[in-house]
Amino acid sequence: MQHRELERVLGFWAAVSIVIGTAIGSGIFLVPSEMIRAVGTPSMVFLVWIFGGVLSLFGALTYGELSAALPGAGGEYVYLNAAYGPLWGFIYGWTQTWVAKTASIATLATGFYRYASDFFPVLQQTMFIIPLPLGPGGKELTVNYGQLLGIVLILFLSGVNYLGVRLGGSVQIAVTGLKIALIAGIVAAGLWGGYASAASLQTLVTPMPGGVAGFFAALVAALWAYDGWNNAGMVASEIENPQRNLPRALILGTTAMIGIYLLANLAYFAVLPAQAVAGSQRVASDMMLQIAGPWGASAVSAAAMISIFAALNGSILSGSRVPFAMARDERFFSRFAAIHPRYRTPGSSLILLGIWASVLLLSGQYRELYTLVIFPSWILYGMAAASAIVLRIRRPDLARPYRTWGYPIVPAVFVLVTVALLYSTYQESPRESGMGLFLILSGLPFYAWFRRRANK
């Protein structure tokens, strides 16, 4: 079973839908409030969105070269392996499998049921309480009906992707297309619904925070909304003609996201003054509430659920390829290298990802874990982008069907801004950053164990 190969059945539009659909989740409906509180004016919010978008595009341009040259399952796992050796690939894969990707999946599923509770309030009610210190902060574990829905959704989408990558890709294309159409409707309502005002765009939050710290705080929020553009590389071994389709999908998908985010924010700030956005928990819902009343806010909740559904499907589809790739290289449990004989999917890895993400969702610990690994994850992202430069030097003979536009400036800028972002994050949250590093380095004993077992 371990000798079967994954099938290249995902076309160009499936790759684009993974880029867009995985990145655009709940952030587009939520983070403008956090950003305006950090920088104070709509114009600065737009500047941060553009800066974060260009930075993400620089990353996409760089990853385009890497994914075309090294089109294997696992994305950054493959690039880090090639540039720095198996240890760094393992650290990335270990972090993604046990914390970063699974906690992200749990976060998305939580966002889904919270929006669903607007229609079904019972989802917020407690099902039962486990009187053991298993919950956040060592408290007793409270389980509500929404968590059960989130777990069912995770396992359902794991099952869909278990039944074939073509099926999972088709679902991703359909739901991403619907998501974009719904967001376009919200933008159109905001800009042409009779409530937009140029004066609203000139308002500000007082007192105005601003400064370098405020800019980087807003940038972190924007990059969280853009995060996911890199996921298409994780399924590179299943994309048709990856040397051509992957770079194009990365660049087109990231560029489209920049436009979508800017238009959405233009609608928000044209309808709502900055102070109202800053005080909003759900800025898109509040905008539509003003335009169309309660049914407008309900429409946003439905759009958010569909948006999160697409992001969740894309995250499960792409994330499951990381433990599969590790196991193929004998750096993870061999069972997860298996490919289903009929469906030609990494079934065991999909099951692992779905079950562990469900455990994190049930425990309520995912938010703390996800926060902790943001800092070390960006170290690995920066190293992955730098690997384009490293491989140009170390492996000049490597076939590169696509070469990064603007090399070496584009990857260098991405790496330098990543370093600045890491410095700012460490200054703001030294304890959490240190704990995050410790968390991912805890995988080193397992790396030594897998290595010894492979060498026997």
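J.: Describe the overall build of the chain, with residues and values.
T.: Assigned secondary structure in the chain consists of 18 helices and two strands. A compact globule built from 456 residues should have a C-alpha radius of gyration of about 23 Å, and the chain, at 21 Å, falls within 12% of that. In terms of overall dimensions, the chain has C-alpha extents of about 70 × 55 × 40 Å along its principal axes. A buried classification covers 58% of the 456 residues belonging to the chain. For the chain, the distance from the average site of its 28 positive side-chain charges to the average site of its 17 negative ones is 7 Å.

J.: Please give an account of empty space enclosed by the protein that cites residues and values.
T.: Taken as a whole and judged by the stated rule, the model has three cavities of 30 Å³ or more. Lining the largest cavity, in full, are Y63, E76, D227, W229, N230, W378, Y381 and F414. A breakdown of the residues in the lining of the largest cavity according to their chemical character gives five nonpolar, one polar and two charged.

J.: Could you give an account of the nonpolar core, naming the residues involved and the relevant values?
T.: Of all hydrophobic cores here, the largest spans 153 residues; its most connected members are I28, F29, M35, W49, Y63, M257 and M287. Per element, the largest residue contribution to this core is 15 residues, and it comes from helix α5 (residues 86-116). Excluding its chain neighbours within four sequence positions, the residues that come into contact with M35 are V45, V48, W49, A218, A221 and A222.

J.: Account for the packing of helix α12 (residues 294-319) against helix α13 (residues 321-328), with residues named and values stated.
T.: The angle between the axes and the distance between the axes are what describe a pair of packed helices. It is the contact of α12 with α13, at a shortest axis distance of 5 Å, that shows an interaxial angle of 0°. On the basis of their axis angle, the class for α12 and α13 is roughly parallel. Along the contact surface, α12 presents L317, S318 and G319, while α13 presents R321, V322 and P323. Taken together, the residues of the contact of α12 with α13 break down into three nonpolar, two polar and one charged.

J.: Which residues make up the pattern of salt bridges, and what are the values?
T.: Taken as a whole, this structure holds eight salt bridges when the rule is applied. With its nearest N and O atoms 3.6 Å apart, the salt bridge here joins R328 to E5. One end of the pair, R328, is in helix α13; the other, E5, is in the segment before α1 (12-23), and 323 residues separate them in sequence. With relative accessibility at 27%, the residue R328 sits in the partly exposed group.

J.: Hey, could you go over the packing of aromatic side chains for me, with residue numbers and the actual values?
T.: What the rule picks out here adds up to 27 aromatic pairs. An aromatic cluster of at least three residues, connected via ring pairs, comprises F90, W94, W98, F332, F333, F336, W356, F446, Y447, W449 and F450. Above the ring of Y115, the side-chain terminus of R282 is found at 4.6 Å from the ring centroid. Sitting over the ring of Y407, R392 keeps its end group 3.8 Å from the ring centre.

J.: Lay out the environment of G11 with the relevant residues and their values.
T.: Along the polypeptide, G11 turns up in the segment before α1. Once the C-alpha coordinates of G11 and G159 are considered, the two residues, 148 residues apart in sequence, prove to be 21 Å apart.

J.: Can you tell me about helix α4 (residues 76-84), naming the residues and giving the values?
T.: By the criterion of burial, α4 is predominantly enclosed, with eight of the nine residues buried. If you check which residues of α4 are buried, you get E76, Y77, V78, Y79, L80, N81, A82 and A83. Trailing α4 by a residue or two, G85 shows a phi angle of about 105°, which is positive.

J.: Tell me about the side chain of T22, and please be specific about residues and values.
T.: Tracing the backbone shows T22 in helix α1. Given a relative accessible area of 7%, T22 falls into the buried group. At a separation of 2.7 Å, a polar atom in the side chain of T22 contacts the main-chain carbonyl oxygen of I18. If we skip the residues at most four places from it in the chain, T22 touches S17, Q172, D227, G228, N231, A311, G314 and S315.

Cut-offs and rules
- Residues numbered from 1 in each chain as written.
- Predicted model: local features only at pLDDT ≥ 70, side-chain atom pairs only at ≥ 80, totals over all residues.
- Heavy atoms only, no water.
- Helix = DSSP H or I, 4+ residues; strand = E, 2+ residues; numbered from the N terminus.
- Rg over C-alpha atoms; globule rule 2.2 N^0.38 Å.
- Buried < 20%, exposed > 50% of the residue type's maximum accessible area, 1.4 Å probe, protein only.
- Lys, Arg positive; Asp, Glu negative; His and termini not counted.
- Charge placed at Lys NZ, Arg CZ, Asp CG, Glu CD.
- 1 Å grid on protein atoms, 1.4 Å probe; cavity = no way out; pocket = protein on both sides within 12 Å on 5 of 7 lines; lining within 4 Å.
- Points joined across faces, edges and corners; volume = space filled by probe spheres on them.
- Nonpolar A, V, L, I, M, F, W, Y, C, P; charged D, E, K, R; others polar.
- Core = buried A, V, L, I, M, F, W, Y, C linked by side-chain atoms within 4.5 Å.
- Contact = heavy atoms within 4.5 Å.
- Axes fitted to C-alpha atoms, helices over the stretch in contact; angles between N-to-C directions.
- Parallel < 35°, antiparallel > 145°, perpendicular 65-115°, else oblique.
- Salt bridge = Lys/Arg side-chain N within 4 Å of Asp/Glu carboxyl O.
- Phe/Tyr/Trp six-rings, centres within 6.5 Å; stacked < 30°, edge-to-face > 60°.
- Lys NZ or Arg CZ within 6 Å of the ring centre and 35° of its normal.
- Polar contact = N/O pair within 3.5 Å; in protein donor to acceptor, adjacent residues only side chain to side chain.

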